[in-house]
Amino acid sequence: MRFRTVFRIPECKNAAFLLLQCRAFRSYSKIQSTPKRCFGIAFDIDGVILRGRVPIGGSPRALKRLYGDSGGGIPESSRANELGELLGVRILPSQVVQGHTPFKNLLDRYENELIVATGKGEPALVMSEYGFTKVLSLEEYASYFKNIDPVSQYKSWTTTRASELDRYSNELVTKHDVLSNRVKAAFVVSDPVDWGMDIQVLCDILRSGGLPGQKNGHQPPLYFAADDLEYQAAFPSERLGMGAFRTALESVFNRIHHDVLQYISFGKPNPFVFKNAEAILRQLQPSYLGHYLSNNGDSGSEPFKTLYMIGDNPVVDVKGAKQAGHPWFSILTRTGVFNGNDNHADFPADLVVDTVEEAVDYILKRESAS
């Protein structure tokens, strides 16, 4: 079976945040102003500023106000370029925190270990750009095990470029002996495409101790970039997300294996995601962020007075901000998963608005007045 990649930006819930570090100013004259306080904004992407590839909720106007007039499974650089083109502002890779961005923190553990990565887009490329040296996509890995996918002959779609797959995979097999070395970890980088094959092969890897076809062994670690059950894409109603895939995999694995599935999810509402976003906001260079930023050499390392989470999903965006605690302030928009008239009953936000443009208006007025 041959695979072919269609290289386009995937519609997916793999970008956890678009981050902006901002500074409110008090003007004393037309030519002089002094900084009042530092604040940050984390925008959820899908359902807040984009629906599919279409900007929504006045998001281009909202972001241009923050930038000034000058203003999971692809690399942050590609996602930043795409967002910049769609929204008409300059976005740096460092401002895009995707669900799989925290996988970088596992480099010390798995840098030179054989790992597999799955999801739409280019999951193996994402992991290799993070520095992992022995990574294969799940499709590439499965291609070395004859008949591992019993229904492959009935599938007509293709997912990776054949020539690149052959060259890269042959090099990897020669260097690392895929057929005899155990997989040390599996990563779900973005929403999987072929759930049937992915569940089958992941179960083979996880219950065999990392080498399909072998007897039961200790389960290798399994990591998910997100855990959204549903998300808002271009289709009018919500689509099943990575959390739905995780639920399906877990249900099957627990039925066929004597131990329950062990996994770690790095996605919202995990408070780690919010703490990581705060840390990245502190590292952003103020000179990149338009007219709100000081020209006095400020490093941006001072404590944030407020961090705003603008999201469309109460269960992940609002819940996560609440769990993260101070200084997070949650704003819920009605442009995605949530569309109720009132606040969400179980996970009420600090503020509910119709659009992201209204959210930005509120933030700027609040910060200017305080």
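Residues numbered from 1 in each chain as written. Predicted model: local features only at pLDDT ≥ 70, side-chain atom pairs only at ≥ 80, totals over all residues. Heavy atoms only, no water.

Novice: How should I be thinking about the environment of Thr333 in this particular structure?
Specialist: Inspection of the secondary structure puts Thr333 in strand 14 (residues 328–333). For the pair Thr333 and Val353, spaced 20 residues apart in sequence, the C-alpha to C-alpha distance is 5.0 Å. Once you skip the residues sitting within four places of it in the chain, Thr333 turns out to touch Gly47, Val48, Ile310, Gly311, Asp312, Phe338, Val353, Asp354, Thr355 and Val356. (Helix = DSSP H or I, 4+ residues; strand = E, 2+ residues; numbered from the N terminus. Contact = heavy atoms within 4.5 Å.)

Novice: Before we go on, may I ask you to explain the packing of helix 9 (residues 271–283) against helix 10 (residues 314–324) in this structure?
Specialist: A pair of packed helices can be characterised by two numbers: the angle between their axes and the separation between those axes. Two elements in contact, helix 9 and helix 10, have axes separated by 8 Å at closest approach and are oriented at 75°. As summarised for this structure, helix 9 and helix 10 are arranged roughly perpendicular, according to the angle between their axes. When helix 9 is examined against helix 10, the residues Pro271, Phe274 and Lys275 are found in contact with a partner set consisting of Val316, Asp317, Gly320, Ala321, Gln323 and Ala324. (Axes fitted to C-alpha atoms, helices over the stretch in contact; angles between N-to-C directions. Parallel < 35°, antiparallel > 145°, perpendicular 65-115°, else oblique.)

Novice: Looking at this structure, I do not really get the environment of Ile280. What am I missing?
Specialist: Structurally, the position occupied by Ile280 is in helix 9. For Ile280, the contacting residues outside a window of four places in its chain are Leu19, Ser94 and Val97.

Novice: Would you mind going over the nonpolar core with me for this structure?
Specialist: Buried together is how nonpolar side chains tend to be arranged in soluble globular proteins. Phe103, Met127, Tyr141, Phe187 and Leu249 are the most contacted members of the largest nonpolar core, which totals 46 residues. Of all the elements, helix 7 (residues 195–208) adds the most residues to this core, at seven residues. One finds Val48, Leu50, Phe329 and Val353 within the second-largest nonpolar core, a separate group that totals 31 residues. (Core = buried A, V, L, I, M, F, W, Y, C linked by side-chain atoms within 4.5 Å. Buried < 20%, exposed > 50% of the residue type's maximum accessible area, 1.4 Å probe, protein only.)

Novice: Looking at this structure, I do not really get the packing of helix 7 against helix 8 (residues 242–256). What am I missing?
Specialist: The interhelical angle for the contact between helix 7 and helix 8, taken along N-to-C directions, is 50°, at an axis separation of 10 Å. Considered as vectors, helix 7 and helix 8 are oriented oblique to each other. Handedness of the helix 7/helix 8 crossing: right-handed. Residues Trp195, Asp198, Ile199, Leu202, Cys203, Leu206 and Arg207 of helix 7 lie in contact with helix 8, whose contacting residues are Ala244, Phe245, Ala248, Leu249, Val252, Phe253 and Ile256. Here the residues of the contact of helix 7 with helix 8 sort into 12 nonpolar, no polar and two charged. (Left-handed = near helix turned anticlockwise from the far one by under 90°. Nonpolar A, V, L, I, M, F, W, Y, C, P; charged D, E, K, R; others polar.)

Novice: Would you take a moment to explain helix 7 for this structure?
Specialist: The α-helix advances 3.6 residues per turn, and as a result positions three or four apart in sequence lie on the same side. Taking 1.5 Å of rise per residue, 14 residues should cover 20 Å, and helix 7 covers 20 Å from first to last C-alpha, within 8% of that figure. For helix 7, a buried count of 10 out of 14 residues is recorded, marking the element as mostly surrounded by other parts of the structure. Among all positions of helix 7, only Met197, Asp198, Ile199, Val201, Leu202, Cys203, Asp204, Ile205, Leu206 and Ser208 are buried. Those residues of helix 7 that are buried are in contact with strand 6 (115–118), helix 5 (138–142), strand 8 (185–188), strand 9 (222–224) and helix 8. Residue Gly209 follows helix 7 closely and has a positive phi angle near 85°. (Expected span 1.5 Å × (residues − 1).)

Novice: Is there a simple way to explain the pattern of salt bridges in this structure?
Specialist: Two side chains bearing opposite charge may form a pair once their charged atoms approach each other closely. One pass over the structure, following the stated rule, counts 14 salt bridges. Notably, a salt bridge pairs Arg65 with Asp361, separated by 2.1 Å at the nearest N-O pair. For Glu278, the salt bridge identified is with Arg282, shortest N-O distance 2.5 Å. With Glu278 and Arg282 both in helix 9, this residue pair falls four residues apart, about one helical turn. Salt bridges sharing common partners tie together Asp44, Lys268 and Asp317. (Salt bridge = Lys/Arg side-chain N within 4 Å of Asp/Glu carboxyl O.)

Novice: Would you take a moment to explain the packing of aromatic side chains for this structure?
Specialist: The description of two aromatic rings rests on the distance between their centres and on the angle between their planes. Per the counting criterion, the structure on display carries 15 aromatic pairs. Their ring planes at 70° and their centres at 5.0 Å tell us that Phe103 and Phe187 sit as a pair that is edge-to-face. In this pair, Phe103 is assigned in the loop between strand 5 (96–98) and helix 3 (107–110) and Phe187 in strand 8, connecting sequence segments 84 residues apart. For the residue pair Phe103 and Phe187, the accessibility class agrees, reading buried in each case. An angle of 75° between the planes, with centres 5.4 Å apart, marks the rings of Trp195 and Phe245 as edge-to-face. Highlighted residues: Trp195 in helix 7 and Phe245 in helix 8, separated in sequence by 50 residues. Its relative accessible area of 27% is what places Trp195 among the partly exposed residues. Pairwise contacts between aromatic rings join Phe103, Tyr110, Phe132, Phe187, Tyr223, Phe266 and Phe272 into one cluster. Sitting over the face of the ring of Phe329, Arg366 holds its NZ or CZ atom 4.6 Å from the ring centroid. (Phe/Tyr/Trp six-rings, centres within 6.5 Å; stacked < 30°, edge-to-face > 60°. Lys NZ or Arg CZ within 6 Å of the ring centre and 35° of its normal.)

Novice: Hey, could you run me through the sheet that holds strand 6 in this one?
Specialist: Two pairing modes exist for strands in a sheet, parallel and antiparallel, and in both the strands are linked by backbone hydrogen bonds. Spatial strand order, 7-6-8-9-12: five strands in an open sheet with parallel pairing. The sheet terminates laterally at strand 7 (135–137) and strand 12 (264–265), the two strands that pair on one side only. As judged from the two bridges shared by strand 9 and strand 12, these two strands associate in the parallel manner. Counted as the bridge partner of Tyr223 is Ile264 from strand 12. Against the sheet, helix 8 touches strand 8 and strand 9, its axis set at about 155° to strand 9. (Pairing = 2+ DSSP bridges.)

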